[in-house]
Amino acid sequence: MSDSQILVESQGGSHGPHNPALLHHFSTEQQQKDSADLGMWIFLATEVMFFGGLFCAYLIYRRWYYGDFAAASSSIDAALGGTNTAVLICSSLTVVLAIWAAQTARRNLLIVMLILTMLFGCVFLGIKAKEYKDKFDEHHVPGASFSFEHQPIPGHPGEYANPVHAEIFFALYFVMTGLHALHMIIGLGLFSWLLWGAWKGRFTPEYHTPLEIGGLYWHFVDIVWIYLFPLLYLIDRH
Amino acid sequence: MSDHSNSHSSPLKTYFAVWASLLVGTALTYYAAKLDLGVFNAAVALIIATTKAMLVVLFFMHLRGASEKLLKLVVVSTLFFLSLLLALSMADYGTRLWS
């Protein structure tokens, strides 16, 4: 701790007497950054438990109504879901590149990477909207107009899915992907704010904590999707 | 602090390698689902997803080079409580003979 203190002080000396980003209740920049990181990871822990309850409900019903879930899952376009997975992975790459750009004082690259991240986020939401529209057209949205008659159960010729059980799958599908999409929209809001800060030149190699915190959030949302894709789109596809 | 700067000395190669592995993992997930592996289809899908999630956490979220050990404690306790939720629920619903 004393080593890092000396290091920070000597760095501070070369860049001026005092980094304006260092708040008075922290003794060093490193301590301030560690506190922000810890707070964000604890928030993400609560998010894991939040989504965890939905994953738990999904597992219980999937075990009970496996055939019906497989039939309902097969009606979703897996190619769209796979494309969206790739889009989110690319957006995670542009996030780490944005942070790297801030660390190496490349302002223009930082701005380009933040814009690319938001573009990927919008592409994801656009594909999601197309997927939802298909489900509305097919009357696969739980509610009064729901219909899932004579849909074959994969691997069981002559057997058809129970519409009541399939409706449970679609309820979970819309709640889980909808909650995930809401997180994407919040992420886009966060990144617009980061883009504004980057435009103003707020982020330097010494201080870019908001970028790292926003990045942690974006990567978390990516991880949720990494699990949603195989669980919702790829049940019994062979 | 020195640990921090070391982990960022040449990270670009790592970032692109992780990105490529994640894309390969996505393709693997997609094609593995088309094979008939019986009960192992779900296991394969979850193993690939967990590997991808670990790559994101360790390299993109920089947990590997984190100077603060408390972060690792937060991650481990998150996984502990999540597995408690899933394992105990499934131990209940998975062993109900009457349903």
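Residues numbered from 1 in each chain as written. Chains lettered and ligands numbered in written order. Predicted model: local features only at pLDDT ≥ 70, side-chain atom pairs only at ≥ 80, totals over all residues.

A.B. asks: Residues and numbers for the overall build of chain B, please.
C.D. replies: Along the backbone of chain B there are 4 helices and 0 strands. Ordered by position from N to C terminus, the α and β elements of chain B give α-α-α-α. Taking contacts inside chain B between residues at least 6 apart in sequence as the whole, the part at least 24 apart equals 45%. (Helix = DSSP H or I, 4+ residues; strand = E, 2+ residues; numbered from the N terminus. Contact = placed C-beta atoms within 7 Å.)

A.B. asks: Break down helix H3 (residues 66–74) of chain A for me, citing the residues and quoting the values.
C.D. replies: All names here are of chain A. For H3, the tally of buried residues reaches 7 of 9 residues, placing the bulk of the element in the interior. Of the residues making up H3, those classed as buried are Gly67, Asp68, Phe69, Ala70, Ala71, Ala72 and Ser73. At its buried positions, H3 is contacted by helix H2 (29–64), strand E1 (152–153), strand E2 (156–160), helix H6 (163–199) and helix H7 (209–233). (Buried ≥ 20, exposed ≤ 12 C-beta atoms within 10 Å, placed from the backbone.)

A.B. asks: Which residues make up the packing of H6(A) against H7(A), and what values go with them?
C.D. replies: The packing of two helices is summarised by the inter-axis angle and the distance between the axes. Residue and element names in this part refer to chain A. Running from N to C, H6 and H7 cross one another at 160 degrees; their axes reach a closest spacing of 10 Å. Classified by the angle their axes make, H6 and H7 are roughly antiparallel. By crossing handedness, the relation of H6 to H7 is classed as left-handed. Mapping the contact onto sequence places Tyr173, Met176, Thr177, His180, His183, Met184, Gly187, Leu190, Phe191, Leu194 and Gly197 in H6 and Pro210, Leu211, Gly214, Tyr217, Trp218, Val221, Val224, Trp225, Leu228 and Leu232 in H7. Class assignment for the residues of the contact of H6 with H7 results in 15 nonpolar, 6 polar and no charged. (Axes fitted to C-alpha atoms, helices over the stretch in contact; angles between N-to-C directions. Parallel < 35°, antiparallel > 145°, perpendicular 65-115°, else oblique. Left-handed = near helix turned anticlockwise from the far one by under 90°. Nonpolar A, V, L, I, M, F, W, Y, C, P; charged D, E, K, R; others polar.)

A.B. asks: Tell me about the nonpolar core, and please be specific about residues and values.
C.D. replies: Counting 72 residues, the largest nonpolar core has Ala72(A), Ala98(A), Leu110(A), Leu114(A), Phe169(A) and Leu228(A) as the members making the most contacts within it. For this core, the elements supplying multiple residues, two or more each, are H2, H3, helix H4 (78–103), helix H5 (107–137), H6 and H7 of chain A together with helix H2 (12–32) and helix H3 (40–60) of chain B. Per element, the largest residue contribution to this core is 16 residues, and it comes from H7(A). The residues contacting Leu228(A), other than those within four sequence positions of it, are Met176(A), Thr177(A) and His180(A). (Core = buried A, V, L, I, M, F, W, Y, C linked by C-beta atoms within 7 Å.)

A.B. asks: Any details on unusual backbone geometry? Residues and values, ideally.
C.D. replies: One non-glycine residue, His139(A), adopts positive backbone phi at about 60 degrees. Note on placement: His139(A) falls in the loop between H5 and E1. The backbone phi angle of His62(B) is positive, close to 60 degrees, even though this residue is not glycine. Mapped onto the elements, His62(B) comes out in the loop between H3 and helix H4 (69–93). Residue His62(B) is classed as buried on the basis of its C-beta count, with 22 C-beta atoms lying within 10 Å.

A.B. asks: Could you give an account of the packing of H4(A) against H2(B), naming the residues involved and the relevant values?
C.D. replies: One can describe the packing of H4(A) onto H2(B) by two numbers: an axis separation of 10 Å at closest approach and a directional angle of 170 degrees. Relative to H2(B), the element H4(A) lies roughly antiparallel. Here Ala78(A), Gly82(A), Thr85(A), Ala86(A), Ile89(A), Leu93(A), Val96(A), Leu97(A) and Trp100(A) of H4(A) come into contact with H2(B), specifically with Leu12(B), Tyr15(B), Trp19(B), Leu22(B), Leu23(B), Thr26(B) and Tyr30(B). Taken together, the residues of the contact of H4(A) with H2(B) break down into 13 nonpolar, 3 polar and no charged.

A.B. asks: Outline the environment of Ile153(A), supporting the account with residue identities and numerical values.
C.D. replies: Residues and elements named next belong to chain A. Looking at the element boundaries, Ile153 is found in strand E1. Take Ile153: there are 20 C-beta atoms within 10 Å of it, and that puts it in the buried class. C-alpha separation for the pair Ile153 and Leu97, spaced 56 residues apart in sequence, amounts to 45 Å. Once residues lying within four places of it in the same chain are set aside, the contact partners of Ile153 are Gly67, Ala70, Ala71, Glu159, Tyr160 and Ala161.

A.B. asks: Tell me about the environment of Gly215(A), residues and numbers included.
C.D. replies: All names here are of chain A. Looking at the element boundaries, Gly215 is found in helix H7. Taking the C-alpha atoms as reference points, Gly215 and Gly187, separated by 28 residues in sequence, lie 9.2 Å from one another. With sequence-adjacent residues up to four places away left out, Gly215 is seen in contact with Val95, Val96 and Ile99.

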